[in-house]
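# A structural walkthrough
Next come the chains, spelled out residue by residue.
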Amino acid sequence: MMWLRGAGGGGRMLENRQGRRNYRIWAFLAALAAAGFLGILLLKLPPLAEAMDGPEFCGVCHVMAPQVDSYLHSAHREAARCGDCHLPHGLVKGSFYKAYTGTRDAAAVMLRTYPATISISDHGKKVVQENCLRCHGEMAAAIGDTKREGGLYCFECHRRTPH
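Within any chain, residue numbers begin from 1 and follow the written order of that chain's sequence. Local features in a predicted model are, by the rule used here, given only for residues with pLDDT of at least 70; side-chain atom pairs are given and counted only at 80 or more, and totals for whole chains, interfaces and linings are based on all residues. Side-chain numbers here rest on the full set of heavy atoms in the structure, without hydrogens or water.

## Quick look at the pattern of salt bridges
- The salt bridge criterion pairs a side-chain nitrogen of Lys or Arg with a carboxyl oxygen of Asp or Glu, the two atoms within 4 Å. Applying the stated rule across the entire model yields three salt bridges.
- Between arginine 81 and glutamate 56 there is a salt bridge, with the nearest N and O atoms lying 3.3 Å from each other. On the criterion of sequence distance, the pair formed by arginine 81 in the loop between α4 (65-72) and α5 (82-86) and glutamate 56 in helix α3 (residues 55-58) is long-range, its members being 25 residues apart.
- One salt bridge connects arginine 104 with aspartate 105, and the closest N-O pair in it is separated by 3.1 Å.
- Residue aspartate 105 is classed as partly exposed on the basis of its relative accessible area of 42%. The secondary structure listing takes helices from DSSP runs of H or I that are at least 4 residues long and strands from runs of E that are at least 2 residues long, numbered from the N terminus. Here's how the labels work: a residue is buried when its accessible area is under 20% of the maximum for its type, exposed when over 50%, partly exposed in between, all with a 1.4 Å probe on protein chains only.

## So, unusual backbone geometry
- Although it is not a glycine, arginine 112 adopts a positive phi angle of roughly 55°.
- Among the secondary structure elements, arginine 112 is positioned in the loop between α6 (91-110) and α7 (122-135).
- Here arginine 112 falls in the exposed class, since its relative accessible area comes to 65%.

## Regarding a nonpolar patch on the surface
- A contiguous nonpolar patch, built from Ile25, Trp26, Phe28, Leu29 and Leu32 and spanning about 560 Å² of accessible area, is present on the exposed surface.
- If you trace the backbone, tryptophan 26 turns up in helix α1 (residues 17-41). Residues qualify for a patch when their relative accessible area is over 30% and they have no salt bridge, like charges being joined within 9 Å and the nonpolar side chains of Val, Leu, Ile, Met, Phe, Trp and Tyr within 5 Å. Note that accessible areas follow from Shrake-Rupley with a 1.4 Å probe, and for residues the cover is restricted to the protein chains shown.

## Some points on the state of the cysteines
- Disulfides are defined as cysteine sulfur pairs within 2.5 Å. Under the criterion given, the structure shown has zero disulfides.
- Cysteine cysteine 82 remains unbridged, with the sulfur of cysteine 58 as its closest cysteine sulfur at 3.7 Å.
- Of the cysteine sulfurs around cysteine 135, a residue in no disulfide, the closest is that of cysteine 85, at 6.5 Å.

## Concerning α4
- Among the residues of α4, Gln67, Val68 and Tyr71 are the ones counted as buried. For α4, the angular spread of the buried residues around the axis is 95°, confining them to a single face.
- Contacts are assigned to residue pairs that have any heavy atoms within 4.5 Å of one another. The inward-facing, buried residues of α4 abut α3. It is the directions from the helix axis to the C-beta atoms whose arc is reported.

## Notes on the packing of aromatic side chains
- To pair, rings of Phe, Tyr and Trp, with the six-membered ring standing in for Trp, must have centres within 6.5 Å; the planes then decide the type, stacked if under 30 degrees apart, edge-to-face if over 60, and tilted in the middle. Under the definition given, this model contains two aromatic pairs.
- Seen in terms of ring centroids, phenylalanine 37 and phenylalanine 96 are 5.6 Å apart; in terms of plane orientation they differ by 35°. Their pairing is tilted. Residue phenylalanine 37 is found in helix α1, and its partner phenylalanine 96 is found in helix α6; the two are separated by 59 residues along the sequence.
- Note on phenylalanine 96: relative accessible area 35%, which makes it partly exposed.
- Judged by centre distance (5.1 Å) and plane angle (10°), the ring pair of tyrosine 153 and phenylalanine 155 falls under stacked. Side by side, tyrosine 153 and phenylalanine 155 carry an identical accessibility label, which is buried.
- Put simply, a charge is over a ring when the Lys NZ or the Arg CZ is close to the ring centre, within 6 Å, and near the line of the ring normal, within 35 degrees. Over the face of the ring belonging to tyrosine 153 we find lysine 147, whose NZ or CZ atom lies 4.6 Å from the ring centre.

## Notes on the side chain of glutamine 67
- One can find glutamine 67 in helix α4.
- Apart from residues lying up to four places away in sequence, glutamine 67 is in contact with Ile118 and His163.

## Notes on the environment of serine 95
- Positionally, serine 95 belongs in helix α6.
- Spatially, the C-alpha atoms of serine 95 and lysine 44 are 6.1 Å apart, while their sequence positions differ by 51 residues.
- If sequence neighbours within four positions are ignored, serine 95 has contacts with Ile40, Leu41, Leu43, Lys44 and Gly90.

## Considerations on the confidence of the model for the chain
- For every residue, the predictor reports its confidence as pLDDT, a number between 0 and 100. With 90% of its residues at a pLDDT of 70 or more, the chain shows a mean pLDDT of 82.
- The lowest-confidence element of the chain is strand β2 (residues 11-14), averaging 46 in pLDDT; the highest-confidence one is α7, averaging 92.
- Here residues 9-14 is a poorly scored stretch, pLDDT under 50, and it has 13 contacts once near neighbours within four places are set aside; other chains count.

Below, the structure is given as structure tokens:
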């Protein structure tokens with residue numbers, strides 16, 4: 001705030017319009033961030049999550065045809081959707097990962113920058129490994145985490161199981 005002194009020595013306060021404008025900008029950005037965060041969390045609501053998961057949604061891109069075909073001929077088609085293996089579980093972590101990977105993949109398809117051969121990222125490998133152990137915990141308990149101490153990911157031996 002600025003103070004101006006008049007001839008009589010008294011002060012009067014003038015509004016600092018710049019400060020008020022900065023506050024409004026920051027308030028708008030905070031509201032936008034909150035709306036974005038809530039929008040991302042909506043990806044985990046059951047109706048929306050179901051609509052944006054599975055071969056019907058994930059397989060829309062022709063580059064995913066071999067993966068979808070393999071999935072549809074696997075035992076996983078009976079018990080798991082794409083997100084059950086490829087997304088972290090948990091509201092916040094799963095929502096943000098789905099938003100990030102979905103946006104990245106959609107942009108790659110629209111811009112035609114996707115690779116000729118689809119492969120999973122290093123982080124995606126860790127997510128899938130965690131989900132293998134989460135679903136097959138009883139069986140995996142006897143074996144342990146196959147990736148521990150430089151071992152292989154579960155899907156390196158079971159390469160064609162899900163796709």
